[in-house]
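# Geometric and topological summary
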Amino acid sequence: MFYLPFSLIISPSIFLVHAHLNTIYQFWIHTEIVDNLGFFELILNTPSHHRVHHGRNPYCIDKNYAGVLIIWDRLFGTFQHETNDEQLAYGLVHPLRTWDPIFAQIFNYRYIFRKFKKAGSWSERFGILFKGPGWVKGSPRLGDRDALPPVKYPIKKFNVDIGFLMNVYVGLHFSFALIMFSVLSNIKQTEPFYISISIGYMLFCLTCFGKIMDKKSNSYVYEFIRIVLSAVGIYFCADFLQQVLYGSSIIFIAYSSLVYLSLAGLTFHFIRKIMRF
């Protein structure tokens with residue numbers, strides 16, 4: 001959305017090349033191994049600068065937005081050096097405590113909508129929409145840094161213990177779902193309708209995996225539905241799936257076996273659960 005205005009003044013081919021180079025550059029700056037790079041720290045976005053960008057320490061908030069050149073942050077007042085005074089804590093000011101991928105994408109919009117709804121004037125609503133996420137009436141444009149919650153040490157990462165076997169289960173199903181989605185999304189002859197179904201199925205898969213990772217009480221119901229849909233899809237689209245997998249019957253057989261074994265296991269789980277009543 002933010003890039004759409006560029007289409008009016010920049011050739012799409014030039015923009016795409018720039019966007020891809022910008023993305024490729026940012027691979028190497030996501031590390032804690034590289035320290036200070038001396039002179040290059042003045043011009044380029046370096047690992048040190050980018051660690052600040054991802055930090056949730058109060059001094060890191062809304063800093064170092066640059067992709068490649070850090071000079072833009074220096075010009076617009078959003079630059080911040082990394083300090084050695086405190087350990088960096090990565091993530092959000094208010095960390096998410098869920099593995100739900102859909103909620104992770106929309107929770108910020110829900111937060112903004114609630115603030116917008118409670119605002120007492122249109123000027124305040126304008127500030128909520130166009131100023132920093134921590135902005136409140138009477139504070140600076142990017143919010144009051146002193147009002148941010150301090151980082152608690154030792155830093156604890158969100159984790160729900162679901163056991164080794166369940167981690168393997170989710171890992172295998174995620175890998176096969178990702179393979180299938182990658183293959184289907186690269187077929188030029190596929191109609192938009194089927195592409196939409198593939199995207200919807202992948203999102204549903206991620207939602208199911210998130211519920212399992214969160215140990216939600218309804219996770220087995222969601223997973224049962226997902227496995228049934230997968231089994232139905234495999235049954236009716238067997239020839240097509242083998243074709244798009246470039247004739248690789250090994251992947252198809254492995255995924256089919258995994259789906260049917262999971263279906264049998266989940267069916268057994270529900271039967272055992274019902275027999276207890």
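Structure: see above.
This section reports on the structure supplied with the text. This one's a predicted model, so the numbers in the text were calculated from it and none came from an experiment.

Attention now goes to the packing of helix H4 (residues 101–118) against helix H5 (residues 122–130). Between H4 and H5, the least distance of the axes is 9 Å, while the angle of their chain directions is 170 degrees. By the criterion of interaxial angle, the relationship of H4 to H5 is roughly antiparallel. Contacts between H4 and H5 involve Ile112, Lys115 and Phe116 on the former and, on the latter, Trp122, Arg125, Ile128 and Leu129. A breakdown of the residues in the contact of H4 with H5 according to their chemical character gives 5 nonpolar, no polar and 2 charged.

Looking now at helix H2 (residues 47–54). Most of H2 is tucked away: 6 of the 8 residues are buried. Buried within H2 are the following residues: Pro47, Ser48, His49, His50, Arg51 and Val52. On its buried face, H2 sits against helix H3 (71–76).

This next bit is on H4. For H4, spanning 18 residues, the distance from its first C-alpha to its last is 27 Å, which sits close to the expected 26 Å at 1.5 Å a residue. Of all bends in H4, the biggest is about 40 degrees, found at phenylalanine 107. Structurally, the start of H4 carries an N-cap: the backbone nitrogen of isoleucine 102 is 3.0 Å from a side-chain oxygen of aspartate 100.

The next subject is the nonpolar core. Considering soluble globular proteins, one finds that nonpolar side chains tend to be buried as a cluster. The biggest cluster of nonpolar side chains holds 10 residues, and these are Ile162, Tyr169, Val170, Ala177, Met202, Cys205, Phe209, Ile212, Met213 and Ile227. Those elements that place two or more of their residues in this core are helix H6 (164–185) and helix H7 (192–213). With 5 residues, H7 is the largest single contributor of residues to this core. Those residues in contact with cysteine 205, other than ones at most four positions away along the chain, are Ala177 and Arg226.

With that settled, the discussion passes to unusual backbone geometry. Residue proline 154 is reached from tyrosine 153 by a cis peptide bond, and omega for that bond is -5 degrees. Tracing the chain through its elements places proline 154 in the loop between H5 and H6. Unusually for a residue other than glycine, aspartate 62 sits at a positive phi of about 60 degrees. Residue position: aspartate 62 is located in the loop between H2 and H3. Classification of aspartate 62 by relative accessible area gives buried; the value is 14%. Positive phi values are uncommon outside glycine, yet lysine 215 reaches one of about 60 degrees. Take lysine 215: it is sitting in the loop between H7 and helix H8 (219–236).

A surface patch of nonpolar side chains, amounting to about 1,000 Å² of accessible area, comprises Trp28, Leu37, Phe39, Phe40, Leu42, Ile43, Leu69, Trp72, Leu75 and Phe76. Tracing the chain through its elements places phenylalanine 76 in helix H3.

Our next topic: the packing of aromatic side chains. Evaluation of the coordinates by the stated rule reveals 8 aromatic pairs. Ring geometry for phenylalanine 116 and tryptophan 122: centres 6.0 Å apart, planes at 70 degrees, overall edge-to-face. Residue classification places phenylalanine 116 among the partly exposed positions, given a relative accessible area of 22%. The exposure class of tryptophan 122 is exposed, given its relative accessible area of 64%. Ring centres of phenylalanine 174 and phenylalanine 209 lie 6.4 Å apart, and the angle between their planes is 75 degrees; this geometry places the pair in the edge-to-face category. Of this pair, phenylalanine 174 sits in helix H6 while phenylalanine 209 is found in helix H7, placing the two residues 35 residues apart along the sequence.

With respect to the secondary-structure elements, glycine 91 resides in the loop between H3 and H4. Since its relative accessible area comes to 42%, glycine 91 is described here as partly exposed.

Okay, the pattern of salt bridges next. Under the defined criterion, the tally for this structure stands at 2 salt bridges. Notably, a salt bridge pairs arginine 51 with glutamate 82, separated by 3.0 Å at the nearest N-O pair. Here the residue arginine 51 occupies a position in helix H2, and glutamate 82 occupies one in the loop between H3 and H4, the gap between them amounting to 31 residues. By relative accessible area, arginine 51 is classed as buried at 7%. With a closest N to O distance of 2.8 Å, arginine 226 and glutamate 223 form a salt bridge. Of the two residues, arginine 226 and glutamate 223 both sit in helix H8, 3 residues apart, roughly one turn of that helix. We note that arginine 226, like glutamate 223, is buried.

The rules behind each value
Residues numbered from 1 in each chain as written. Predicted model: local features only at pLDDT ≥ 70, side-chain atom pairs only at ≥ 80, totals over all residues. Heavy atoms only, no water. Axes fitted to C-alpha atoms, helices over the stretch in contact; angles between N-to-C directions. Helix = DSSP H or I, 4+ residues; strand = E, 2+ residues; numbered from the N terminus. Parallel < 35°, antiparallel > 145°, perpendicular 65-115°, else oblique. Contact = heavy atoms within 4.5 Å. Nonpolar A, V, L, I, M, F, W, Y, C, P; charged D, E, K, R; others polar. Buried < 20%, exposed > 50% of the residue type's maximum accessible area, 1.4 Å probe, protein only. Expected span 1.5 Å × (residues − 1). Bend = angle between axes of the 7 residues up to and from the residue. Polar contact = N/O pair within 3.5 Å; in protein donor to acceptor, adjacent residues only side chain to side chain. Core = buried A, V, L, I, M, F, W, Y, C linked by side-chain atoms within 4.5 Å. Patch = residues over 30% accessible without salt bridge, like charges linked within 9 Å, V, L, I, M, F, W, Y side chains within 5 Å. Areas by Shrake-Rupley, 256 points an atom, 1.4 Å probe, with all protein chains shown as cover. Salt bridge = Lys/Arg side-chain N within 4 Å of Asp/Glu carboxyl O. Phe/Tyr/Trp six-rings, centres within 6.5 Å; stacked < 30°, edge-to-face > 60°.

The values reported here are purely geometric and, on their own, carry no functional implication.
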